[in-house]
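So the chains spell out like this:
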Amino acid sequence: MDRELLFSTNVTGTKNLVDAILLTEERPTLCHISSTAAIGHTDFGLANEECIFSQDDPHSYYGYTKYLAELEVERGRVEGLKACIVNPCVILGYTNSKRGSGKLFSQGYNGFPFYTSGSNHIVYARDVCRASFELLENSLFVGRYLCVGPNLTFRDLQTKIAKSFGNKGPSIGIPNRLMLIVGELCEFLATIRVNTGLGKELARSSTSIAEFDAGKLVAAVNFEYTALHGFIKEIAELYVKSFKKRKGLN
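Residues numbered from 1 in each chain as written. Predicted model: local features only at pLDDT ≥ 70, side-chain atom pairs only at ≥ 80, totals over all residues. Heavy atoms only, no water.

(A) Main features of helix α5 (residues 154-164). All of the buried residues along α5 are Phe 154, Leu 157, Gln 158, Thr 159, Ile 161 and Ala 162. Looking at the residues trailing α5, positive phi occurs at Gly 166, about 80°. (Buried < 20%, exposed > 50% of the residue type's maximum accessible area, 1.4 Å probe, protein only. Helix = DSSP H or I, 4+ residues; strand = E, 2+ residues; numbered from the N terminus.)

Given below as structure tokens:
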């Protein structure tokens, strides 16, 4: 993980954008795309927009930088910036198949037998865009809004993606303790410039259970999420075309 790049992009980049808007005469409105990683934990029920981020709780560095970015937006609001904040969960869309959620589709296409015990909410990339526009159009410039679809175990998600390619889902569970040990090992390998794409933060998130309350956005703009099976199929079809093109197939 390149922490310097994360901080520069998420925190410094947001600060510079907020400052630039505040210097303009027209003062355009802003929709800041944050993350559920910037939402605080709760010991009671589902986490929501009011859960306070605490640095004493276990958070990823990515989540920490997203939290700091939100503070920059809040600072801008105090200075007259009109901005809404959207906090999406795991976003699925057609993207680089070697990074982020794109890996799930390349693994589903090629076959991947392993799964971890965690779960999270899933949301379509287009739904995040649509929610952002609706918040802007309704001038909802106070607080933040979770944009989270259904909650799925990672095994269920991998299985749905694999089946969209006509393949079987994963069948071999990786014990939590083993996953965390592998994450620590990969973190060490990164210090000697051996990049595995895995680290202790990703290992921890793959074994954790995240549950959020999606009610605020739904109530605010009467928001309806795209059906999960529909958008997974749509994304899979785009990947099939891409993978075939790489292989020179029609």
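(B) Highlighting the sheet that holds strand β7 (residues 151-153). Pairing in this open sheet of 3 strands is mixed, and the strands run β3-β5-β7 from one edge to the other. Only two strands of the sheet have a single neighbouring strand rather than two, namely β3 (90-92) and β7. Averaged over all pairs of adjacent strands, the angle between strand axes in this sheet comes to 45°, irrespective of strand direction. Across 3 bridges, β3 lies against strand β5 (residues 119-124) in parallel orientation. Within the sheet, the bridge partner assigned to Ile 91 lies in β5 and is Val 123. The strands that helix α9 (residues 228-246) touches are β3, β5 and β7; relative to β5, the one it contacts most, it runs at about 70°. (Pairing = 2+ DSSP bridges. Axes fitted to C-alpha atoms, helices over the stretch in contact; angles between N-to-C directions. Contact = heavy atoms within 4.5 Å.)

(C) Spatial organisation of the environment of Tyr 109. Structurally, the position occupied by Tyr 109 is in helix α3 (residues 102-110). When its relative accessible area of 22% is taken as the criterion, Tyr 109 is described as partly exposed.

(D) Quick look at the pairing of β5. Burial analysis of β5 places 6 of its 6 residues in the buried class, which makes it a mostly covered element. Pairing between β5 and β7: 3 bridges, direction antiparallel. By the bridge assignment for β7, Asn 120 is matched with Leu 152.

(E) Spatial organisation of the environment of Lys 200. Position of Lys 200 among the secondary structure elements: in helix α7 (residues 200-207). For Lys 200, a relative accessible area of 36% gives the class partly exposed. Taking C-alpha positions, Lys 200 is 26 Å from Phe 44, a pair spaced 156 residues apart along the chain. Setting aside its immediate chain neighbours within four residues, Lys 200 contacts Gly 183, Glu 184 and Glu 187.

(F) Representation of the side chain of Ser 132 within the structure. Mapped onto the secondary structure, Ser 132 falls in helix α4 (residues 125-137). Judged by relative accessible area, which is 9%, Ser 132 ranks as buried. Not counting the four nearest positions on each side in its chain, Ser 132 is found in contact with Cys 31, Ile 33, Cys 84 and Val 86.

(G) Main features of the packing of aromatic side chains. Throughout the structure, instances matching the rule amount to 11 aromatic pairs. Taking 5.9 Å as the distance between ring centres and 50° as the angle between the ring planes, the aromatic pair formed by Tyr 61 and Tyr 64 counts as tilted. In this pair, Tyr 61 and Tyr 64 are both assigned in helix α2 (residues 61-78), 3 residues apart and thus about one turn of the helix distant. Overall, Tyr 64 belongs to the partly exposed group, its relative accessible area being 25%. (Phe/Tyr/Trp six-rings, centres within 6.5 Å; stacked < 30°, edge-to-face > 60°.)

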